[in-house]
Amino acid sequence: MRASGAKVGVLALQGPARLHARALAELGAEPVEVRTPAHLVGVDALVIPGGESTTLSLLLDSSGVRGALEDRVADGLPVLGTCAGMIMCAAAVLGGRVDQHSLGIVDIDVRRNAFGRQRDSFEADLDVEGLPGGRFPAVFIRAPVVARVGPGVEVLAGLAEGPVLCRSGAVLVTAFHPELGGDLRLHQSFLERI
Ligand code: GLN
């Protein structure tokens, strides 16, 4: 399917989904806010934005979205998970809460809040494997890092602390916020694989 016209859900249980929706719309996709299981029906892909993964995990349960999402993911739904969204996509979470359950969409383990207090929030220009147009301006906010990479997962960018951008098939996960830097290339790259 071409990116243009694709119906792309943006999980909107917590935090602002608006910037992702705007990026998707600018690229010709049709963004759909997802708050209930019914909102997932008919979406061609899903963005799981940043926020707080502990809260996100609880809200996935209380909203009933978790079950529907697990079904779609099992069928190969393309997912873009950013920051807390990357944590939700991971197989295992280091430094998580006991009642926090990730979805295991990508075979990676992540460490929450991996950049310590000194680097709570920062920007870095990332060298991204295979991304034309030069370095990508990445905004990190209390970001996780990838602590284990399973077979079949490509690391597309990393910092000294570890990988921060990975791809597994049609699933893309970023430790940073690609919607905040004013550069749509990663959203574009995600849409190209739908
Ligand atoms: N530190 C947050 C968490 O653990 C993620 C922060 C973010 O999404 N900007 O969920």
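All figures in this text were calculated on a predicted structure; none of them were measured in a lab.

Conventions used here
- Residues numbered from 1 in each chain as written.
- Predicted model: local features only at pLDDT ≥ 70, side-chain atom pairs only at ≥ 80, totals over all residues.
- Heavy atoms only, no water.
- Near = heavy atom within 4 Å.
- Polar contact = N/O pair within 3.5 Å; in protein donor to acceptor, adjacent residues only side chain to side chain.
- Areas by Shrake-Rupley, 256 points an atom, 1.4 Å probe, with all protein chains shown as cover.
- Nonpolar A, V, L, I, M, F, W, Y, C, P; charged D, E, K, R; others polar.
- Buried < 20%, exposed > 50% of the residue type's maximum accessible area, 1.4 Å probe, protein only.
- Helix = DSSP H or I, 4+ residues; strand = E, 2+ residues; numbered from the N terminus.
- Contact = heavy atoms within 4.5 Å.
- Phe/Tyr/Trp six-rings, centres within 6.5 Å; stacked < 30°, edge-to-face > 60°.
- Core = buried A, V, L, I, M, F, W, Y, C linked by side-chain atoms within 4.5 Å.

Looking now at the site of the ligand. Around the ligand sit G50, G51, E52, S53, C83, A84, I87, R112, N113, I141, R142 and H177, and those are all the residues in its vicinity. Between the ligand and G51, the relevant distance is 2.9 Å, taken from an oxygen atom to a main-chain nitrogen or oxygen of the residue. Backbone polar atom of I141 to a nitrogen atom of the ligand: 3.0 Å apart, as the coordinates give it. In isolation the ligand has 300 Å² of accessible area, and contact with the protein removes 97% of it. The class makeup of the residues in the shell around the ligand is four nonpolar, five polar and three charged.

Looking only at helix α2 (residues 53-63), the buried set comprises S53, T54, L56, S57 and L60. Check the buried side of α2 and you find it contacts β1 (7-11), β3 (45-48), α3 (65-74) and α4 (84-89). G64 occupies a position one or two residues after α2 and carries a positive phi of about 80 degrees.

So, about the packing of aromatic side chains. Per the stated rule, a full pass over the model turns up five aromatic pairs. With 5.4 Å between their ring centres and 55 degrees between their planes, F140 and F176 make a pair best called tilted. Here F176 lies in the loop between β12 (171-174) and α5 (185-192) and F140 lies in strand β8 (residues 136-141), a separation of 36 residues in the sequence. Of the two residues, F140 and F176, both sit in the buried class. Three or more aromatic residues joined by ring pairs form one cluster here, namely F115, F122, F136, F140 and F176.

Ranked by size, the top nonpolar core spans 63 residues in total, and within it V8, I48 and F140 carry the most contacts. Per-element tally for this core: the top contributor is α4, with five residues. Beyond its immediate chain neighbours, meaning those up to four positions away, V8 contacts L24, A29, E30, P31, V32, A45, L46, V47, F190, L191 and I194.

Any functional reading would require information that these geometric values do not contain.
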